[in-house]
Amino acid sequence: MKLVILDRDGVINFDSDQFIKSPQEWSPIPGSLEAIASLTQAGFRVVVASNQSGVGRGLFDMATLNAIHAKMHKQVTQAGGRIDAVFFCPHSAESLCQCRKPRTGLFKEIANRLHVDLAGVPAVGDALRDVQAALAVGAKPILVKTGKGLRTLRGGSLPEGVPVYEDLREAANIIISETD
Ligand SMILES: [Mg+2]
Ligand SMILES: [Zn+2]
């Protein structure tokens, strides 16, 4: 099975330091929906692994998060793609959960639920914690410059050898070309 793991905010949709708290605030980065469609049509299963601490902070509730994801699924479907599942951590940054990236719970849940080995599975993110979580489970981290990506690059802590692409469109094209 070909699998790709995507962070959500800053990779698929525009991020906000004020959190994405409503479906109205969720808006796709140009090219990201088409990129997911390309991955789907190339035979990839696409899953999302996302920290959503706004739930734990009480900024929005689960019903709202579900509505945001319903909008995302609808727009991806309309573009000809499919997101198989969204795995998210709803806990606050202060919680000691195992799922908030850079911890590995979300990735391990993906491995368990899909019965896959994550070794070498491309994992696209815009933050250092996305890269760290991917590395910790043996996946293949990829950084995009959208969202917090440029900030992450300038931070200078990106582990050596992590590929950096402009956006999900470029990352998807490379992922597809490398697995043909
Ligand atoms: Mg992000
Ligand atoms: Zn969590």
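Above this text sits the structure in question.
All of these numbers come straight from a predicted model, not from anything done at the bench.

**Q** Tell me about the coordination of the magnesium ion (ligand 1), residues and numbers included.
**A** Protein-derived coordination of the magnesium ion (ligand 1) comes from Asp-7 (OD), Asp-9 (O) and Asp-126 (OD), at a distance range of 2.0 to 2.2 Å. Between consecutive donors of the magnesium ion (ligand 1), the numbers of intervening residues give the motif D-x1-D-x116-D. Here Asp-9, found in the loop between β1 (2-6) and α1 (32-41), pairs with Asp-126, found in the loop between β4 (122-125) and α5 (128-136); they are 117 residues apart in sequence, far enough to count as distant.

**Q** Tell me what's going on with the coordination of the zinc ion (ligand 2), and back it up with residues and numbers.
**A** Within the first shell, the zinc ion (ligand 2) binds the protein through Cys-89 (SG), His-91 (ND1), Cys-97 (SG) and Cys-99 (SG), at distances of 2.0 to 2.3 Å. Around the zinc ion (ligand 2), the four donor atoms sit at angles spanning 102 to 116°, and that spread fits a shape best called tetrahedral. Considered as a linear motif, the donors of the zinc ion (ligand 2) on their single chain read C-x1-H-x5-C-x1-C. Per residue, the accessibility class of Cys-97 equals that of Cys-99, and both read buried.

**Q** Break down the pairing of strand β2 (residues 44-51) for me, with residues and values.
**A** With seven of eight residues buried, β2 is to be regarded as a mostly interior element. Direction of pairing for β1 relative to β2: parallel, over a ladder of five bridges. The residue of β2 that forms the bridge with Val-4 is Val-46. With five bridges joining them, β2 and strand β3 (residues 85-89) adopt parallel strand pairing. The residue bridging Ala-49 from the neighbouring strand is Phe-87, located in β3.

**Q** Can you break down the side chain of Thr-146 residue by residue, with the values?
**A** Along the chain, the position of Thr-146 falls in the loop between β5 (140-144) and α6 (149-155). Given the relative accessible area of 15%, Thr-146 is considered buried.

The rules behind each value
- Residues numbered from 1 in each chain as written.
- Chains lettered and ligands numbered in written order.
- Predicted model: local features only at pLDDT ≥ 70, side-chain atom pairs only at ≥ 80, totals over all residues.
- Heavy atoms only, no water.
- Donors = N, O, S within 2.8 Å, 3.2 Å for Na, K, Ca; no water.
- Helix = DSSP H or I, 4+ residues; strand = E, 2+ residues; numbered from the N terminus.
- Tetrahedral: all angles 85-135°; square planar, octahedral: opposite > 155°, others 65-115°.
- Buried < 20%, exposed > 50% of the residue type's maximum accessible area, 1.4 Å probe, protein only.
- Pairing = 2+ DSSP bridges.

Honestly, that's just the spatial picture; any functional story needs more than this.
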